[in-house]
Structure formats: structure tokens, C-alpha cells
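Summary of structural features
Spelled out, the chains give:
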Amino acid sequence: MIRDRGNIKWTAMMLPEHVKLLQEWKAQDENVEKPELDEWGLQDLSEQLQIAYANNLEVELSIWEEKRIFKVIGIITKLDTKSASLYLEDGKNFPFPAIFGVSLTV
């Protein structure tokens, strides 16, 4: 049975510049474009945030930041419309444009 070592067999022949470029290329593949919400999506997002804030419910937020998507779970302590930010009880805050998904956890 032939055991192929993949790219490992070629690394000895690669220049450090090539390795760096390949790593940058791989990092760019992991980048995600910012999801855009239409009017209905924004309205639904706004309603769910207001319900969670009014009833002190735990939410799971989908956040887009620095070309990455991650999820945050917490209870909303403040919805600041002047600075367009949402504050969680653990001290984290996120701008409204970075939030593209919310689900209530019961």
C-alpha cells in the first residue's frame, strides 16, 4: 500500500517566501463577506432584540467582525440607539451593523 505524505514531501523544497504566501492565501480563503440583511430581516432582528431586552432573555448573537463570523451568548443589558451599540451583561458590546442574526435561548 502506497502511503502519500501530501504536501509534507514538498516542504523541504519550498522557500520561506512561498510558505508565507501559501499561509496568507489559506487565511484569505477563510474570510467571509459581510452578510447583508433586507428590510424584513432587519425588522425581524430588531423585534427579537427588543423582546429579549424587555424580557431579560438570553440570546445567541451572530456577529461579523474582521472578516470572520462568530457567535456570542449572553443577556442584553442595554440597547443604545445613540451610539448604535448593544451591550451584554459580561461587558462586551457590539455595534448594530455587525449583528446579522439573533436567536432566543430558553
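Residues numbered from 1 in each chain as written. Predicted model: local features only at pLDDT ≥ 70, side-chain atom pairs only at ≥ 80, totals over all residues. Heavy atoms only, no water.

Points about the overall build of the protein
The test is simple: Helix and strand labels come from DSSP, where a helix needs a run of H or I of at least four residues and a strand needs a run of E of at least two; each type is numbered from the N terminus. Burial status follows relative accessibility: with a 1.4 Å probe on protein chains alone, a residue under 20% of its type maximum counts as buried, one over 50% as exposed, and anything between as partly exposed. When checking whether two residues touch, look at their non-hydrogen atoms; a contact exists if any pair is within 4.5 Å. Note on areas: these come from Shrake-Rupley sampling with a 1.4 Å probe, and a residue is covered only by the protein chains present in the view.
From N to C terminus, the protein includes 2 helices and 5 strands. Reading the protein from its N end, one meets helices and strands in the order α-α-β-β-β-β-β. Counting over 106 residues, the protein shows a buried share of 19%. By sequence separation, contacts in the protein at least 24 residues apart represent 50% of the contacts at least 6 residues apart. Total accessible area on the protein is roughly 8,500 Å²; 55% of this is exposed by carbon and sulfur atoms.

A short note on the environment of G101
For G101, the location among the structural elements is in strand β5 (residues 99-105). For the pair G101 and L49, spaced 52 residues apart in sequence, the C-alpha separation works out to 9.8 Å.

Observations regarding the confidence of the model for the protein
Quick note on the threshold: Confidence scores here are pLDDT values: one per residue, from the predictor, ranging 0 to 100.
A residue-level look at the protein finds 90% of positions with pLDDT of 70 or above and a mean pLDDT of 87. Ranking the elements of the protein by mean pLDDT puts helix α1 (residues 16-29) last, at 85, and strand β3 (residues 85-88) first, at 94.

Quick look at the packing of aromatic side chains
The following threshold applies: Under the pairing criterion, centres of Phe, Tyr and Trp rings, with the six-membered ring standing for Trp, must be within 6.5 Å; the plane angle then separates stacked pairs below 30 degrees from edge-to-face pairs above 60, leaving the rest tilted. We call a charge positioned above a ring when the Lys NZ or Arg CZ atom is no farther than 6 Å from the ring centre and deviates by at most 35 degrees from the ring normal.
One pass over the structure, following the stated rule, counts 1 aromatic pair. Here the guanidinium or amino end of K78 rests over the ring plane of Y87, the centre of that ring lying 5.5 Å away.

Here's the deal with the side chain of S62
This is how the line gets drawn: Any pair of nitrogen or oxygen atoms within 3.5 Å is treated as a polar contact; in protein, a donor-acceptor pairing is required on top of that, and neighbouring residues in sequence qualify only through side-chain atoms on both sides.
Its place among the elements puts S62 in strand β1 (residues 58-65). With relative accessibility at 9%, the residue S62 sits in the buried group. A polar atom in the side chain of S62 sits 3.0 Å from the side chain of K71.

Re unusual backbone geometry
Its identity is not glycine, yet N56 carries a phi of approximately 55°, on the positive side. Summarising the element assignment, N56 is placed in the loop between α2 (39-55) and β1. In this model, A84 sits at a positive phi of 55°, which is unusual for a non-glycine residue. Within the secondary structure, A84 sits in the loop between β2 (68-80) and β3. Look at A84 and you get partly exposed, because its relative accessible area is 27%.

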